[in-house]
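# Fold and geometry: a report
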Amino acid sequence: MTNLTDDKDDRIRQVIAMIPEGRVSTYGNVARMAGLPGYARYVGHLLKHQDACSTLPWHRVISSTGKISLPVDSVSHSLQQQKLEAEGIVFRNGKIDLALYGWLTHNR
DNA sequence: TGCTTGACGCGCG
DNA sequence: ACGCGCGCCAAGC
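Counting of residues starts from 1 at the beginning of each chain's written sequence and follows it residue by residue. Both sets of labels track the order of writing: A upward for chains, 1 upward for ligands. A pLDDT threshold of at least 70 governs which residues receive local features in this predicted model, and a stricter bar of 80 or more applies before side-chain atom pairs are shown or counted, although totals over entire chains, interfaces and linings include all residues. Hydrogens and waters are ignored; side-chain quantities use all the structure's heavy atoms.

By the naming in an unreviewed UniProt entry, chain A goes by 6-O-methylguanine DNA-protein cysteine methyltransferase and is assigned to Oleiphilus messinensis.

Our next topic: the protein's contact with DNA strand C. A single heavy atom is enough: if one lies within 4 Å of a molecule or strand, its residue is considered near that molecule or strand. Close to DNA strand C lie seven residues, the nearest being Lys8, Tyr39, Arg41, Tyr42 and Lys95. For DNA strand C, the fraction of atoms within 4 Å of the protein that belong to sugar or phosphate moieties is 71%. Side-chain polar atom of Lys8 to a phosphate oxygen of DNA strand C: 3.4 Å apart, as the coordinates give it. Polar contacts, as counted here, are pairs of nitrogen or oxygen atoms within 3.5 Å of one another; within protein the pair requires one atom able to donate a hydrogen and one able to accept it, and residues that are adjacent in sequence qualify only if both atoms are side-chain atoms. For DNA strand C, a phosphate oxygen lies 3.4 Å from a polar atom in the side chain of Lys95. Where helices and strands are cited, they refer to DSSP runs of H or I of at least four residues and of E of at least two residues respectively, numbered from the N terminus. Elements with a contribution of two residues or more to the surface near DNA strand C: helix H1 (4-18) and helix H3 (40-50). Looking at the surface near DNA strand C residue by residue, the classes come out as two nonpolar, two polar and three charged. Note on residue classes: Ala, Val, Leu, Ile, Met, Phe, Trp, Tyr, Cys and Pro are nonpolar, Asp, Glu, Lys and Arg are charged, and everything else, Gly too, is polar.

With respect to the element layout, Thr26 can be found in strand E1 (residues 25-26). Accessibility here uses a 1.4 Å probe with only protein chains present; expressed as a share of the type maximum, an area under 20% marks a residue as buried, one over 50% as exposed, and anything in between as partly exposed. Here Thr26 falls in the buried class, since its relative accessible area comes to 8%. Contacts were defined at the residue level, with two residues in contact if any of their heavy atoms lie within 4.5 Å. What Thr26 contacts, discounting residues up to four positions off in sequence, is Val61, Ile62, Ser63, Ser64 and Leu98.

On to helix H4 (residues 75-86). Because each turn of an α-helix spans 3.6 residues, side chains separated by three or four positions end up pointing in the same direction. The end-to-end C-alpha distance of H4, which contains 12 residues, comes to 16 Å, matching closely the 16 Å that a straight helix rising 1.5 Å per residue would cover. Looking at H4, one finds that the buried residues are His77, Gln80 and Leu84. Buried residues along H4 cover an arc of 70 degrees about the axis, so they all sit on one side. In this structure, H4 carries Val75, Gln82 and Ala86 as exposed residues pointing more than 90 degrees from its buried face. Residues of H4 that are buried sit in contact with strand E2 (61-62), strand E3 (91-92) and strand E4 (95-96). Phi for Gly88, located one or two positions after H4, is positive at around 95 degrees. Working rule for helices: expected span equals 1.5 Å times residues minus one. Here the arc refers to the set of directions running from the helix axis out to each C-beta atom.

Spelled out as structure tokens, the structure:
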């Protein structure tokens, strides 16, 4: 019931759900916006655990380096890139320009 | 109960 | 520009 962990999960999911189409955010940024600085890793853990069955735009969450955190040779990786490109996001050398597509990220 | 793992992030060399 | 190491947090064994 009063599981504080679930509350955190809920806030993280909420933030991810707010990421607009054609834009991306980072794990650390999502955690920060959820009011949980330092929980970047947990965001990834959460997505990995629910992935498929959720309607969350999980593909819009990438690493702060602008690269997809999933193994390059994995199916999930190509799927994520495919979904992002379908939203108009362009990859350059396997990376995304956060200054261009980053949502509410560091002001630059 | 303690060590290892993982869809992270950042400072250094 | 890039690889490496350390810190951070929760989950799995």
